[in-house]
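If you want the building blocks of each chain, they are given just below.
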Amino acid sequence: MEGSARRATIRDVARHAGVSTAAVSKVLRDAYGVSPAMKQRVEASMAALDYRPLALARGMRGSSYTLGVFLVDLSNTFFSVLVEGIRDVAEERGYQVLIGQARQGLDAQRRLIEAMVDRRMDGLVLIAPFGPDEELERLARSIPVSVIGRHGPAAYLDTAHFDTVASDDIAGSAIIVDHLVSLGHERISFLGHHEPHDEPSMPQSVRARGYDLAMTKHGLERWIDHIPGRWGTEGGLLAGRMIAARTEKPTALHGGADVAALGAFTVLLEAGLRVPEDISIVGYDDIPAAALPPIGLTTVDQSGVAMGRQAAELLVSRIEGRTQSEHVLVPPRLVVRHTTAPPPG
């Protein structure tokens, strides 16, 4: 064998280790039920034979060892943090990650997801997808699916075939409002994100609801103020212009997402408003740029790498046969930096 020029196969490894090919396959997939001794024996044989599985051959056995990651906004650097967590788990479990970006819109999303399914990926991680829960359920009946950013499906889908991982956005908005109220703010506005196909389970919907609940809890219903926009840099710039043009301005802004909060931050500074002396700003996500010293954005850390890891772990366990759905809420944490202070006057 060692003198042969041909590449070692899974059967060669099984013969060398004295186990079945099914056992070798389980070790390759890091599947449940493999004993440490079995894993050590098979890995020793793979090393001795210089065995490296071919992706095509694995695909012919029913698995491509590929995880597809779908997203719609590469400009939001929080998504890259999520992908980092997904990639780490994929590498640990012997999978490759292929990323697909769709243009805005439900039709574009459907076309890309269909293309990923057609390429026989083992499962999909969908980051903040559009569309109703029923559409996700239909997809999950044909391929393992894990969804990041969406909250657990509606009660009528209590037997859902897909899993979800999301920040506890109700709690996240609450700790933002609580922090601002503790500084003395009352006129606290919320920068929203609006899509044609918004669903109650989407983070923009849940964070808005959390903001309303928190304002009501503090007796500030009359100051509830939803600024229409999108959670991107351009949406933040537009929101900043709206605020700057107002006669009576809020003293604080719940920015919805860091990228939008930073866009508003930029315009308000250009308009001559001081942050935080004239207006406090809080983001959500804790992207790397938020911690830069010239910015020092107060924000909510929703543990992006951990969320990505959790979604990938759930997906791999789906691929390996788990059927019961899981819906994980990640506890948010407020990170106080330099963009919040007591209101003027």
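Above this text sits the structure in question.
Since the model is a prediction, treat every value here as computed from it, not as a measurement.

Before we move on, can you summarise the pairing of strand 6 (residues 188-191) with the specific residues and values?
Residues Ile188 and Phe190 point to one face of strand 6 and Ser189 and Leu191 to the other, with burial holding for every one of them. Sheet topology note: the strand 6/strand 8 (residues 252-254) ladder contains 3 bridges and is parallel. From the neighbouring strand, Phe190 faces strand 8, where its bridge partner is His254. The sheet contact formed by strand 6 and strand 7 (residues 226-227) spans 2 bridges and is parallel. Each residue of the ladder has a partner; that of Phe190, found in strand 7, is His226.

Explain the packing of helix 10 (residues 233-245) against helix 11 (residues 258-270) residue by residue, including any values.
Helix 11 packs onto helix 10 with a crossing angle of 45° between their chain directions and a minimal axis gap of 7 Å. Taken together, helix 10 and helix 11 sit at an angle that is classed as oblique. Between helix 10 and helix 11 the crossing geometry is right-handed. Taking contact as the criterion, the partners of Thr233, Gly236, Leu237, Gly240, Arg241, Ile243 and Ala244 in helix 10 are, on helix 11, Val259, Ala260, Gly263, Ala264, Thr266, Val267 and Leu268. Of the residues contributing to the contact of helix 10 with helix 11, the split by class is 8 nonpolar, 5 polar and 1 charged.

Tell me about the pattern of salt bridges, and name the residues and values.
As a working rule, side chains carrying opposite charge can pair if their charged atoms are close by. According to the stated counting rule, one finds 19 salt bridges in the structure shown. Residues Arg138 and Glu135 are paired through a salt bridge, measuring 3.9 Å at the closest nitrogen-oxygen approach. In this pair, Arg138 and Glu135 both sit in helix 7 (residues 133-140), 3 residues apart, roughly one turn of the helix. Here Glu326 and Arg322 are joined by a salt bridge, their closest N and O atoms 4.0 Å apart. Under the relative-accessibility criterion, Arg322 is labelled buried at 19%.

Requested: an account of the environment of Tyr211, with residues and values cited.
Relative to the assigned elements, Tyr211 resides in helix 9 (residues 203-217). Residue Tyr211 is classed as buried on the basis of its relative accessible area, which comes to 0%. The sequence separation of Tyr211 and Gly172 amounts to 39 residues, and the corresponding C-alpha distance is 8.8 Å. Apart from the residues within four sequence positions on either side, Tyr211 is in contact with Ser173, Val177, Ile188, Ser189, Phe190, Trp223, Ile224, Asp225, His226 and His254. Here the side chain of Tyr211 touches Ile188 through a polar contact of 2.6 Å, landing on its backbone oxygen.

Rules of the game
- Residue numbers here run from 1 along each chain, matching the order of that chain's written sequence.
- The predicted origin of the model limits local features to residues at a pLDDT of at least 70 and limits the giving and counting of side-chain atom pairs to 80 or more, whereas totals for whole chains, interfaces and linings rest on all residues.
- Processing note: side-chain calculations cover all non-hydrogen atoms of the structure and skip hydrogens and water entirely.
- Relative accessibility decides the category of a residue: with a 1.4 Å probe and only protein chains considered, values under 20% of the type maximum give buried, values over 50% give exposed, and everything between is partly exposed.
- Secondary structure is summarised from DSSP: a helix means a run of H or I of at least four residues, a strand means a run of E of at least two, and numbering begins at the N terminus for each.
- One requirement defines pairing of two strands: DSSP has to find at least two bridges between them.
- Here an angle of 0 to 180 degrees is reported between the N-to-C directions of two axes, which are lines fitted to C-alpha atoms, with helices fitted over the stretch in contact.
- Our angle categories are set so that under 35 degrees counts as roughly parallel, over 145 as roughly antiparallel, 65 to 115 as roughly perpendicular, and the remainder as oblique.
- By convention, the crossing between two helices is left-handed when the near helix turns anticlockwise from the far helix through less than a right angle, and right-handed when the turn is clockwise.
- Note on contacts: a residue pair is in contact if any heavy atoms of the two residues lie within 4.5 Å.
- Any residue that is not Ala, Val, Leu, Ile, Met, Phe, Trp, Tyr, Cys, Pro, Asp, Glu, Lys or Arg is counted as polar, Gly included; the first ten are nonpolar and the last four charged.
- Any Lys or Arg side-chain nitrogen found within 4 Å of a carboxyl oxygen on Asp or Glu counts as a salt bridge.
- We define a polar contact as two N or O atoms separated by no more than 3.5 Å, with the added condition that, inside protein, one atom must be a possible hydrogen donor and the other a possible acceptor, whereas residues neighbouring each other in sequence contribute only through side-chain atom pairs.

Such coordinate-based values are descriptive only and should not be taken to indicate function.
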